[in-house]
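Each chain, letter by letter, is given below.
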Amino acid sequence: TSTVHPDTILTLSQSQPAVLWGSATATYTLPTAEVEAHGKQIQITRETFLLRRGSKGDELLPLAEGQELRVGDRLRTRLTIRLEQSLDFVQVIDPRPGFTEPIIQKPGYEWGEGTGYYLEPKDQQTNFYIDHLARGSYLVWYDELVARSGTFHGGVTELVSCYAPEFGAHTAVAPTQIVLPLQGT
């Protein structure tokens, strides 16, 4: 283990002719606010909406950075996946903000726009497992309930091919949200 700077070049040489296999992995840390979306052949975007139920059906209102929410509000998180090639067995890891709890508490199979997936709500994140994604765009989502007040910073959603982990993508950091207590408390 050593410290590597971004401009470091890794050079390998071989003294005798033979077939060699190898791998090099670099990890690094950044302040959360500096994380930008990444993905070439695969892209994932995360959008969170305030869900309002009315007489004309559900209305989705996009959340803005720093928008005030109230305990008891209902949110819908939508993840859009775009692929330039087919992938088998894909996992999406979506860290939930600390102020929400998922509406669906038990894992199970769900159907999104374009694909079916296994939804696994966990303590700090929601996982999606998808058997096969052909080239194209897909939308998966889940609903959350605002459960705690305070100021909360967002996380980064990741998508990875479990059979070929070199194929992956992640979102930019989710916006900071301010959650107010229930009115009258």
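Before reading further, recall that the structure is shown in the block above.
Residues numbered from 1 in each chain as written. Predicted model: local features only at pLDDT ≥ 70, side-chain atom pairs only at ≥ 80, totals over all residues. Heavy atoms only, no water.

A closer look at the sheet that holds strand β3 (residues 68-70)
The strand order across the open sheet built from 3 strands is β3-β14-β11, with neighbouring strands paired in mixed fashion. Only two strands of the sheet have a single partner each, and these edge strands are β3 and β11 (150-152). Each neighbouring strand pair of the sheet contributes to a mean axis angle of 30°, computed without reference to strand direction. Pairing analysis gives 3 bridges linking β11 to strand β14 (residues 177-180), with the strands arranged antiparallel. From the neighbouring strand, G150 faces β14, where its bridge partner is V179. (Pairing = 2+ DSSP bridges. Helix = DSSP H or I, 4+ residues; strand = E, 2+ residues; numbered from the N terminus. Axes fitted to C-alpha atoms, helices over the stretch in contact; angles between N-to-C directions.)

Some details on the pattern of salt bridges
Considering all chains together, one arrives at 7 salt bridges under this definition. In this structure, R46 engages D94 in a salt bridge whose closest nitrogen and oxygen atoms are separated by 2.7 Å. Separated by 48 residues along the polypeptide, R46 in strand β1 (residues 42-54) and D94 in strand β5 (residues 87-95) bring together distant segments of the chain. With relative accessibility at 0%, the residue D94 sits in the buried group. Ionic pairing is found between R52 and D73, a salt bridge with its closest N-O pair at 3.8 Å. In this pair, R52 sits in strand β1 while D73 sits in the loop between β3 and β4 (74-83), placing the two residues 21 residues apart along the sequence. (Salt bridge = Lys/Arg side-chain N within 4 Å of Asp/Glu carboxyl O. Buried < 20%, exposed > 50% of the residue type's maximum accessible area, 1.4 Å probe, protein only.)

Observations concerning a nonpolar patch on the surface
Residues I103, I104 and L145 make up a contiguous nonpolar surface patch of roughly 220 Å² in combined accessible area. Here L145 is to be found in strand β10 (residues 136-146). (Patch = residues over 30% accessible without salt bridge, like charges linked within 9 Å, V, L, I, M, F, W, Y side chains within 5 Å. Areas by Shrake-Rupley, 256 points an atom, 1.4 Å probe, with all protein chains shown as cover.)

Brief notes about the side chain of T48
Structurally, T48 can be placed in strand β1. Polar contacts involving the side chain of T48 include one to the side chain of R46, which spans 3.1 Å. (Polar contact = N/O pair within 3.5 Å; in protein donor to acceptor, adjacent residues only side chain to side chain.)

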